[in-house]
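In case you want the letters, here they are:
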Amino acid sequence: MRININKDNKTYIKNTINNDGNNINIIEDTTIILKERKKFKFSFLSFYSVLIYLFLYVPLIVVILFSFSASKSTVTFSDVTLKWYKELINNSGLVSSFLHSIQVSLTAVVAAVVLGTSGAFFIVRTNFPGKRFFMTLAQLPIILPGIIIGIAMLIFFINLRVPLSMLTITVGHISFTTPVVMFQVMSRLARLGRTYEDAAKDLGANPIKTLFLVTIPMIKTAIIGGALLAFAMSFDEIVITYFLTGSWTTLPVFIYGMMRFGLSPQIYAISTIILLLSIVIIFFMAKFTGTKAEELMVRK
Amino acid sequence: MDKESSNFSQIVLKNVSKVFQDFVAVDNINLDIKKSEFFSLLGPSGCGKTTTLRMIAGLESPTSGKIFLGGKDVTNVPAYKRDVNTVFQDYAIFPHMNVWDNIYFPLKMKGISKKEAAPKIEKVLKLVNMLNFSNRYSHQLSGGQRQRIALARALVNEPQALLLDEPLGALDFKLRVAMQTVLKDIQQELGITFIYVTHDQTEAITMSDRIAVMRQGVVDQIGTPDEIYNKPATPFVASFIGEMNFVDGKVVEEYEDELKVKIANNFIICKKNNYLIKKDDEVLVSIRPEKVYINPEQKLPNQIYAKLSRIVFRGDNYQITTQFDSSELTSVVAAKSINLNFNLGHELRLGWYTEDVQVFPIQLKKNIIKYK
């Protein structure tokens, strides 16, 4: 049974199967099911949920609040000020590491879109022995602890005598941004099926035109969503980066370095900025991925 | 439609087979589809009809055999270079383009400018009665409307043949019947060859000029709806289309072009056909229920006596089941034409004409489709 609530919110269409085995739509009054939905019972589960949310968000709120506090103390809140944010701009190391981070993340995302999308086509569209095993391998960079990947890559680069630099960090990031994009695109491609491409070919489009005029427009949102998620993950990645960084460093590693001299409101300020950036990215990502987004966005 | 001028072979399949890994989807079939013909591929799911259609479209390549389109060998020509278009089962209207752009797509692939395309698009939209929908997107259309747009898009390039893959399968009954008329009218108006894949025998019978009935990758019979219905070539075709009585028998006498068959304790006469059936062979005899007359006024060539076992009223007719020995025969009679003052168990005289009976070797009994 499927239920669609009509726009007027007063009636809904219930798709069900009647006694003869036929699919039929029944229009019914929504008051019944809406009442059902409004009921809220205070239960242990809701109490528990509230606790979890507090646990997750109170530390974040504290960071945001104290980034605007005039005093250096992290216990008492004094006057509201923006001076820590101003100091960030004067911290040349922080600014350059911020730019480094953007540079690394953008490069890693572009590489991930190219590699991940083509990889997704390969996995969805071809059958080869050991396909499942290959897919598991492709997921490893996301699943394995960063410390393992970091150490492995460090050993790899040292043996090849590649100096630790922007290059090594970027390669490290590509290793986990690629599967992120790949799995987003894979699920979209698998759901899409071959019919649209068959139709395009049938109507006279050669394989290249089919790809650019039909397939890519239809998986575009999955690519964008995957890229945003990959950017968010790359931008605040610290563990792998820490192993692969020389004197050239990214923002999370720089902040980690700053913290060795103790917590400071400056760190709260930069954390708040990163938090906002992440929220914006996640918001757009959610818009572009998932089945519901697919229905909405593919059409546009 | 002028049948005489349309003897040109539009599509020819020669010994075409398709094997998927170790599954034979299409097994050495031969088809010769004429110009302007409404040709149906009919069969139960998994019989290879869609695979056959996809091979004609170029979306699958045959494992062996050749396909000719308008006299040219297109076996190795890719789909996008073949002058045929398909209406897919789920229509495949591109969701990121509106109706106009969807129909423009095949023209654009031919390098036709939007300006040149406009009158053509208007023409096909008019043909399918969807002129006011050119700005809509697929999700803003009903199933029947999507169907019409898919049809318009496939027709706009005026292909040599239009391939339709169960196009009405997803529609409800009334709409399906309405669309059958729309399709048939369009086909007659444009004179384009239609190849129509369906599992719905009624649809195939009512719309087609000729039908190929397929079973497990092979074609059992090709013929006009009348031939398929009245002269089924195999028990499978006989059972797949319409209602059919099957009775086991044994040949007791062989004449020049007739066979005398013993059914239980009755003797009937059947016309010989292409099967090699000799005296003493076990056979399967088939006859349509509406060809079995109950207590006929005049004496018919074949008569048996059987006991009435069931009467079912079906609106415009009665289905009457009778039993003799271990066999069962049903007949269908128009509701007004019979006096039904019989008790169950009453003995009836059943009769039929020799040409209405088909006789098959008993080995083919396994191919009978049994519903339920």
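This one's a predicted model, so the numbers in the text were calculated from it and none came from an experiment.

How each quantity is defined
Residues numbered from 1 in each chain as written. Chains lettered and ligands numbered in written order. Predicted model: local features only at pLDDT ≥ 70, side-chain atom pairs only at ≥ 80, totals over all residues. Heavy atoms only, no water. Helix = DSSP H or I, 4+ residues; strand = E, 2+ residues; numbered from the N terminus. Contact = heavy atoms within 4.5 Å. Areas by Shrake-Rupley, 256 points an atom, 1.4 Å probe, with all protein chains shown as cover. Expected span 1.5 Å × (residues − 1). Bend = angle between axes of the 7 residues up to and from the residue. Buried < 20%, exposed > 50% of the residue type's maximum accessible area, 1.4 Å probe, protein only. Polar contact = N/O pair within 3.5 Å; in protein donor to acceptor, adjacent residues only side chain to side chain. Pairing = 2+ DSSP bridges. Axes fitted to C-alpha atoms, helices over the stretch in contact; angles between N-to-C directions. Salt bridge = Lys/Arg side-chain N within 4 Å of Asp/Glu carboxyl O. Parallel < 35°, antiparallel > 145°, perpendicular 65-115°, else oblique. Left-handed = near helix turned anticlockwise from the far one by under 90°. pLDDT = per-residue confidence, 0-100. Phe/Tyr/Trp six-rings, centres within 6.5 Å; stacked < 30°, edge-to-face > 60°. Lys NZ or Arg CZ within 6 Å of the ring centre and 35° of its normal. Nonpolar A, V, L, I, M, F, W, Y, C, P; charged D, E, K, R; others polar.

Time to look at the overall build of chain A. Tallying secondary structure elements over chain A gives 13 helices and 3 strands in all. Looking at chain A alone, contacts between residues at least 24 apart form 62% of all its contacts between residues at least 6 apart. In the structure as shown, chain A presents an accessible area of about 17,700 Å², 69% of it carried by carbon and sulfur atoms.

So, on to helix α7 (residues 166-192) of chain A. Residue and element names in this part refer to chain A. Taking 1.5 Å of rise per residue, 27 residues should cover 39 Å, and α7 covers 38 Å from first to last C-alpha, within 8% of that figure. Along α7, the helix axis deviates most sharply at S175, where the bend reaches about 30°; the proline P179 sits within four residues downstream. Of all 27 residues making up α7, 20 are buried, and the element is well covered by its neighbours. Between the side-chain oxygen at the start of α7 and the backbone nitrogen of L167 there is a gap of 3.2 Å, and the oxygen is on S165.

Below, the discussion takes up the pairing of strand β17 (residues 317-324) of chain B. Residues and elements named next belong to chain B. Where burial is concerned, most of β17 is hidden: 7 out of the 8 residues are buried. Bridging between strand β16 (residues 302-313) and β17 involves 6 bridges; their strand directions are antiparallel. Residue pairing across strands places K307 opposite Q323, the latter belonging to β17. Counting the residues in the hairpin turn of β16 and β17 gives 3 residues, including G315, whose phi is positive at 85°.

Residue and element names in this part refer to chain B. As summarised here, the arrangement of the 5 strands in space is β13-β12-β11-β14-β20, forming an open sheet in which the pairing is antiparallel. Looking at which strands have only one partner, the edges of the open sheet turn out to be β13 (266-271) and β20 (357-361). Within the sheet, the average angular offset between the axes of one strand and its neighbour, ignoring direction, is 45°.

Moving on to unusual backbone geometry. Most peptide bonds take the trans form, and the phi angle of most residues other than glycine is negative. All names here are of chain B. One non-glycine residue, N28, adopts positive backbone phi at about 55°. Assignment of secondary structure puts N28 in strand β2 (residues 23-34). A positive phi angle is found at E166, which is not glycine, with a value near 40°. Residue placement: E166 occurs in the loop between β7 (161-165) and α5 (173-190). Classification of E166 as buried rests on a relative accessible area of 8%.

Okay, the pattern of salt bridges next. Per the stated rule, a full pass over the model turns up 14 salt bridges over all chains. A salt bridge links D198(A) to R54(B), with the shortest nitrogen-to-oxygen separation between them at 2.9 Å. Of this pair, D198(A) sits in helix α8 (residues 195-202) while R54(B) sits in helix α1 (residues 49-57), on two different chains. Judged by its relative accessible area of 9%, D198(A) is buried. The partner of E254(B) in a salt bridge is K272(B), and the shortest N-O contact between them spans 3.0 Å. Here E254(B), found in strand β11 (residues 245-254), pairs with K272(B), found in the loop between β13 and β14 (282-287); they are 18 residues apart in sequence, far enough to count as distant. Among the charged side chains, a network of salt bridges with common partners joins D198(A), R54(B) and E60(B).

Here we take up the packing of helix α5 (residues 131-143) of chain A against α7(A). Residue and element names in this part refer to chain A. Between α5 and α7, the least distance of the axes is 7 Å, while the angle of their chain directions is 125°. Overall, the two elements α5 and α7 adopt an arrangement that is oblique. Read as a crossing pair, α5 and α7 show a hand that is left-handed. Note on element contacts: α7 touches α5 through S175, F176, P179, V180, M182, F183 and M186, opposite M135, A138, Q139, P141 and I142.

The next subject is the confidence of the model for chain A. When pLDDT is averaged along chain A, the result is 83, and 81% of the positions lie at 70 or above. Within chain A, the lowest mean pLDDT, 53, falls on strand β1 (residues 2-5) of chain A, and the highest, 94, falls on α8(A).

Once that is clear, we can look at the pairing of strand β6 (residues 84-87) of chain B. Residues and elements named next belong to chain B. Because side chains alternate across β6, one face comprises the buried residues V84 and T86, and the other comprises N85 and V87, equally buried. As paired strands, β6 and β7 are joined by 4 bridges and run parallel to one another. From the neighbouring strand, V87 faces β7, where its bridge partner is L164.

What follows deals with the packing of aromatic side chains. Ring pairs (aromatic) are described by centroid distance and by the angle formed between their planes. Going through the model one piece at a time under the given rule, you end up with 20 aromatic pairs over all chains. Taking 5.8 Å as the distance between ring centres and 15° as the angle between the ring planes, the aromatic pair formed by F231(A) and F235(A) counts as stacked. Taken together, the positions of F231(A) and F235(A), both in helix α9 (residues 207-235) and 4 residues apart, correspond to about one turn of that helix. Per residue, the accessibility class of F231(A) equals that of F235(A), and both read buried. Counting every residue linked through ring pairs, the aromatic cluster contains F98(A), F231(A) and F235(A). Positioned over the ring face of F94(B) is R153(B), at 4.7 Å from the centre of the ring. One Lys or Arg, K260(B), reaches over the ring of F267(B) and ends 5.1 Å from the middle of that ring.

This brings us to the side chain of H100(A). Residues and elements named next belong to chain A. Structurally, the position occupied by H100 is in helix α4 (residues 92-125). Look at H100 and you get buried, because its relative accessible area is 17%. Once residues lying within four places of it in the same chain are set aside, the contact partners of H100 are W248, T249 and T250.

Moving on to the interface of chain A and chain B. Between chain A and chain B, the residue contacts involve 20 residues of the former and 24 residues of the latter. Our count for the contact surface shared by chain A and chain B stands at 1 salt bridge. Our count for the contact surface shared by chain A and chain B stands at 5 residue pairs in polar contact (both at pLDDT 80 or more). Among the secondary structure elements, those contributing two or more residues to the side of chain A that touches chain B are α8 and α9 of chain A. Looking at the side of chain A that touches chain B, the element that brings in the most residues is α8(A), giving 7 residues. When the residues that make up the side of chain A that touches chain B are grouped by side-chain class, the tally is 11 nonpolar, 3 polar and 6 charged.

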